[in-house]
Amino acid sequence: MNRQRGGKPQGKRFNKNNSNTGSKPNKPVNKSNSDEIRLNKYIANSGICSRREADVHIATGLVSVNGKVITEMGYKVKPGDEVRYDGARVSPEQKAYVLLNKPKGFATTTSEGKGRTVMDLVSNATSSRIKPIGRLGRNSKGLLLFTNDKDIEDKFKNSKNGVPRLFHIELDKNLKLEDLKKIQNGFKLQDKLINVEEISYIDGSSKKEVGLKIKNTGNTIIRTIFENFNYDILSIDCVAIAHLTKKDIPRGHWKHLSKEELSLLQML
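Residues numbered from 1 in each chain as written. Predicted model: local features only at pLDDT ≥ 70, side-chain atom pairs only at ≥ 80, totals over all residues. Heavy atoms only, no water.

Caption draft 1: Summary view of unusual backbone geometry. Backbone geometry at glutamine 190 places phi at a positive 50°, although glycine is not the residue there. Here glutamine 190 shows up in the loop between strand S12 (187-189) and strand S13 (192-194). At aspartate 248, a position not held by glycine, the phi torsion is positive, near 70°. Within the secondary structure, aspartate 248 is located in the loop between strand S17 (244-245) and strand S18 (254-256). (Helix = DSSP H or I, 4+ residues; strand = E, 2+ residues; numbered from the N terminus.)

Following this line, the structure appears as C-alpha cells:
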C-alpha cells in the first residue's frame, strides 16, 4: 500500500493508490579496513558521536592513539592502532540502515521491560547497535528507520532542515476545510507556532482521511495538532520518510537501505 505526496488544500491531493518506487532488500556490504581512516570518522563509526562532535572531542584532548593524545585535525588511524576516547577503547562498527514497516502493538523504545518493542522486530537485522530515529506510538504503524549513523540521526533532529515524514491519518469525523487551511497555514498553540509541510484530503476517500507531512521526529505533535481542533485520531500510518516508501516491505518486516536510497538520504 503506497501513498502519493500530499498537496496544498487548493488542488493537489494525496493519492493512496499510486505506487512508489523502492528497492528490494539488500544485505549489508562489508567494507575493507585495510586503509587508513581519519580519526574523526573512526570515532564516529564507533557509534559514540557524529564526526562534528568527534572533532570537538579531539580538539579538547579526549582522544588518544597508541597512548598519545591527538589534537591534530585530519589525523589518520592506521590498521592495528589503539584508539581511546576518555580512557575507554573504541573500535568502529559497520554502519547499518534498517527500514521497518511497523505494525501496531510495539513500543518505539530501546528500553527493556516495556513489553513488545520495535527492537524485537529488527533483532536479527544486523549485529551493529542500531536504534530507531524518531517515534511512532505503540498503536501507530508504518515506516521507522534504524541506524547507528550519528550523522544521519542529526539530520532527522534538525528542526529547520529535518527529514520529512508523510502520514496517512484517519480521524473520527470529517476534517472541515477551514480547519485544514488553518493547519496548512500554521497556527499558534500556547504561544508556540505549529507548522506542517503539507496537509490534504486523500484522493478517493472520505474527508476523515488526510495526508500530513511534517519534519518533527516525534509522534505526539500529530495528536496535538488535531486535538487542538477537536478531532480524535483513529489511526496513524507513516507511509514515507523523505524518498523512502513501504514498497516491498510487508507490515512487520524490514529491509536494508540500498546504496542509492542511502545516498539520497545523506544529501538531504
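Right, picking up where we left off after that structure.
Caption draft 2: Main features of the pattern of salt bridges. Enumeration over the complete set of coordinates arrives at eight salt bridges. Across the pair arginine 89 and glutamate 82 runs a salt bridge whose closest N-O atoms are separated by 3.5 Å. For lysine 131, the salt bridge goes to glutamate 153, with nearest N and O atoms at 3.5 Å. Taken together, the positions of lysine 131 in strand S9 (residues 131-133) and glutamate 153 in helix H4 (residues 150-157) put the pair 22 residues apart, joining distant regions of the chain. A single network of salt bridges, built from pairs that share partners, joins Glu82, Arg84 and Arg89. (Salt bridge = Lys/Arg side-chain N within 4 Å of Asp/Glu carboxyl O.)

Caption draft 3: Expanded view of the nonpolar core. Grouped together as the largest cluster of nonpolar side chains are 49 residues, with contacts concentrated most on Ile222 and Phe226. Ignoring anything within four residues of it in the chain, the contact list for phenylalanine 226 reads Ile169, Leu171, Leu175, Ile183, Ile199, Val210, Leu212, Tyr231 and Ile233. Judged by nonpolar contacts, the second largest core, of 14 residues, contains Ile37, Cys49, Ala54 and Val83. (Core = buried A, V, L, I, M, F, W, Y, C linked by side-chain atoms within 4.5 Å. Buried < 20%, exposed > 50% of the residue type's maximum accessible area, 1.4 Å probe, protein only. Contact = heavy atoms within 4.5 Å.)

Caption draft 4: Representation of the pairing of strand S15 (residues 209-214) in the model. Burial of S15 is extensive: six of the six residues sit out of reach of the surface. The side-chain alternation of S15 yields two buried faces, one formed by Glu209, Gly211 and Lys213 and the other by Val210, Leu212 and Ile214. Across four bridges, strand S14 (residues 198-203) lies against S15 in antiparallel orientation. Across the sheet, residue isoleucine 199 finds its bridge partner in S15, namely leucine 212. Joining the antiparallel neighbours S14 and S15 is a turn of five residues, in which glycine 204 adopts a positive phi near 85°. (Pairing = 2+ DSSP bridges.)

Caption draft 5: Here's a closer look at the side chain of aspartate 81. Along the chain, the position of aspartate 81 falls in the loop between strand S5 (76-77) and strand S6 (83-85). Although aspartate 81 is buried, it forms no salt bridge, and the closest oppositely charged side chain is lysine 78 at an N-O distance of 5.2 Å. Separated by 3.0 Å, the side chains of aspartate 81 and asparagine 66 make a polar contact. In this structure the side chain of aspartate 81 is engaged in a polar contact, spanning 2.8 Å, whose partner is the backbone nitrogen of lysine 78. (Lys, Arg positive; Asp, Glu negative; His and termini not counted. Polar contact = N/O pair within 3.5 Å; in protein donor to acceptor, adjacent residues only side chain to side chain.)

Caption draft 6: Looking closely at the pairing of strand S10 (residues 141-147). Of all seven residues in S10, six are buried, a share of seventy percent or more. In this structure, strand S8 (residues 97-102) lies alongside S10, joined through six bridges in antiparallel fashion. Bridge pairing in S10 places asparagine 101 opposite leucine 143.

Caption draft 7: Main features of helix H5 (residues 177-185). Within H5, the full set of buried residues consists of Asp179, Leu180, Ile183 and Gln184. The arc that holds every buried residue of H5, seen down its axis, measures 140°, which confines them to one face. Away from its buried face by more than 90 degrees, H5 exposes Glu178 and Asn185. Where H5 is buried, its residues touch S12, S14 and helix H6 (220-228). Among the residues trailing H5, glycine 186 stands out with phi positive, at a value near 90°. (Arc of directions from axis to C-beta.)

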